[in-house]
Amino acid sequence: MSRRCELTGKAVMSGNNVSHANRKTRRRFLPNLCNVSLLSDALGRQYSLRISAHALRSVEHNGGLDAFLVKARDTDLSTRAQKLKRDIEKARAAVQA
């Protein structure tokens, strides 16, 4: 399982530990990933996703999973999230028609 957020694409970054003597050793900055279950209003069921804490706050700020996915770019989303986005758009189109 990769250390990548399924909604925002946030992944591992690398950098340096810098000592008091200014020696530099490589280190990794890991994203704060959480296993959460989010409810889709359009589909009426829960989905388990592995997302960052920042993405969880963004989902709540945008008004839920459906609203977040409709606004999100496909390049940032995982393949599971892209499929979920397509399903939500189909369900919304069926309700409007």
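Going by the structure above, here's the rest.
This structure is a prediction, so every number in the text was calculated from the model and none was measured.

Visitor: How should I be thinking about the nonpolar core in this particular structure?
Guide: Buried together is how nonpolar side chains tend to be arranged in soluble globular proteins. With 18 residues, the main nonpolar core has Leu 7, Leu 38, Ile 51, Leu 65 and Leu 69 as its most contacted residues. Among the secondary structure elements, those contributing two or more residues to this core are β3 (33-40), β4 (45-52), α1 (53-62), α2 (65-71) and α3 (79-96). Discounting residues that sit within four places of it in the chain, Ile 51 has contacts with Cys 5, Glu 6, Leu 7, Asn 32, Leu 33, Cys 34, Val 36, Leu 38 and Leu 56.

Visitor: Just checking my understanding: could you explain the packing of aromatic side chains for this structure?
Guide: How two aromatic rings sit relative to each other is given by the distance of their centres and the angle of their planes. In total, this model carries 0 aromatic pairs according to the counting rule given. A cation over an aromatic ring shows up here: Arg 27 above the ring of Phe 29, its NZ or CZ 3.9 Å from the ring centre.

Visitor: Teacher, can you tell me more about the side chain of Glu 6 here?
Guide: Residue position: Glu 6 is located in the segment before β1 (13-18). Residue classification places Glu 6 among the buried residues on the basis of a relative accessible area of 11%. One polar contact links the side chain of Glu 6 to the main-chain amide nitrogen of Arg 50, over a distance of 2.9 Å. If we skip the residues at most four places from it in the chain, Glu 6 touches Leu 49, Arg 50, Ile 51, Asp 76, Leu 77, Ser 78, Arg 80 and Ala 81.

Criteria and cut-off values
- Residues numbered from 1 in each chain as written.
- Predicted model: local features only at pLDDT ≥ 70, side-chain atom pairs only at ≥ 80, totals over all residues.
- Heavy atoms only, no water.
- Core = buried A, V, L, I, M, F, W, Y, C linked by side-chain atoms within 4.5 Å.
- Buried < 20%, exposed > 50% of the residue type's maximum accessible area, 1.4 Å probe, protein only.
- Helix = DSSP H or I, 4+ residues; strand = E, 2+ residues; numbered from the N terminus.
- Contact = heavy atoms within 4.5 Å.
- Phe/Tyr/Trp six-rings, centres within 6.5 Å; stacked < 30°, edge-to-face > 60°.
- Lys NZ or Arg CZ within 6 Å of the ring centre and 35° of its normal.
- Polar contact = N/O pair within 3.5 Å; in protein donor to acceptor, adjacent residues only side chain to side chain.

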